[in-house]
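# Understanding the architecture of this molecule
One letter stands for each residue in the lines below.
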Amino acid sequence: MVDRQRLNLRALVSEIAATVGPLAQAREIKLSVNAAEDVFVNGNEGHLRRLIVNLLDNALKFTPARGSIDVGLKSAPTRAIIRVADTGQGIHPAQLPHIFDRFFRGAGSPGEGSGLGLSLCREIARAHGGEIAVANLPAAGCAFVVTLPLHREDPNRATAPLR
């Protein structure tokens, strides 16, 4: 069982982006974050950190110099939505159905990596009651979208001690 707590995804995404920012800058990649509001989920901070870091790491690997990576966070009525989009080469359409398979490494993958990162991202999303999807973008690159249930207070839980 995964230990979970009320977690502000805006704070987590912003912190990770600030950490990854210098690496993106050194590679001449523009990293932007659009997270205008606090979005809370019931999650494990370490696991969700790993998910976001993996997505940004992949985006950095596949985005060329002078490219861009856009990280977005918003809430829908019942879901948090994290989107990581890049201007890299995209994913060959034949590889899209396999991109989350364990040990899968697409054609043109950089030398490092075991092919477990995106599989792990899917497992983390599912363990939190969410999903992850990927699509190629019309101009270039691809976008990964993670959806997670929003944090909801348990209406049966007492908020003050009973007397």
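Residues numbered from 1 in each chain as written. Predicted model: local features only at pLDDT ≥ 70, side-chain atom pairs only at ≥ 80, totals over all residues. Heavy atoms only, no water.

## Quick word on the packing of aromatic side chains
The full count for this structure, using the stated rule, is one aromatic pair. Considering the side-chain rings of Phe100 and Phe144, the 6.1 Å spacing of their centres and the 85 degrees angle between planes classify their relative orientation as edge-to-face. Of the two residues, Phe100 is situated in the loop between strand E5 (79-86) and helix H3 (117-127) and Phe144 in strand E7 (residues 142-149); the sequence distance between them amounts to 44 residues. Each member of the pair, Phe100 together with Phe144, is buried. In this structure, Arg6 is placed above the aromatic ring of Phe40, and the distance from its NZ or CZ to the ring centre is 3.7 Å. (Phe/Tyr/Trp six-rings, centres within 6.5 Å; stacked < 30°, edge-to-face > 60°. Helix = DSSP H or I, 4+ residues; strand = E, 2+ residues; numbered from the N terminus. Buried < 20%, exposed > 50% of the residue type's maximum accessible area, 1.4 Å probe, protein only. Lys NZ or Arg CZ within 6 Å of the ring centre and 35° of its normal.)

## Description of unusual backbone geometry
Despite not being glycine, Glu28 shows a phi value in the positive range, around 60 degrees. Relative to the helices and strands, Glu28 is located in the loop between helix H1 (9-26) and strand E2 (30-34). The phi dihedral of Arg66 is positive, around 70 degrees, even though this residue is not glycine. A relative accessible area of 69% means that Arg66 is categorised as exposed.

## Here we look at the pattern of salt bridges
Across all of its chains, the model carries six salt bridges by this definition. When the shortest N-O distance is used, the salt bridge between Glu15 and Arg49 registers 2.9 Å. Remark: Arg49 occurs in helix H2 (residues 45-62) and Glu15 occurs in helix H1; sequence separation between them is 34 residues. The shortest N-O distance in the salt bridge between Glu131 and Arg126 comes to 3.3 Å. Glu131 sits in the partly exposed class, given a relative accessible area of 37%. Three or more residues joined by partner-sharing salt bridges are found here, namely Glu15, Glu45 and Arg49. (Salt bridge = Lys/Arg side-chain N within 4 Å of Asp/Glu carboxyl O.)

As far as function goes, none of this settles anything; it's purely spatial.
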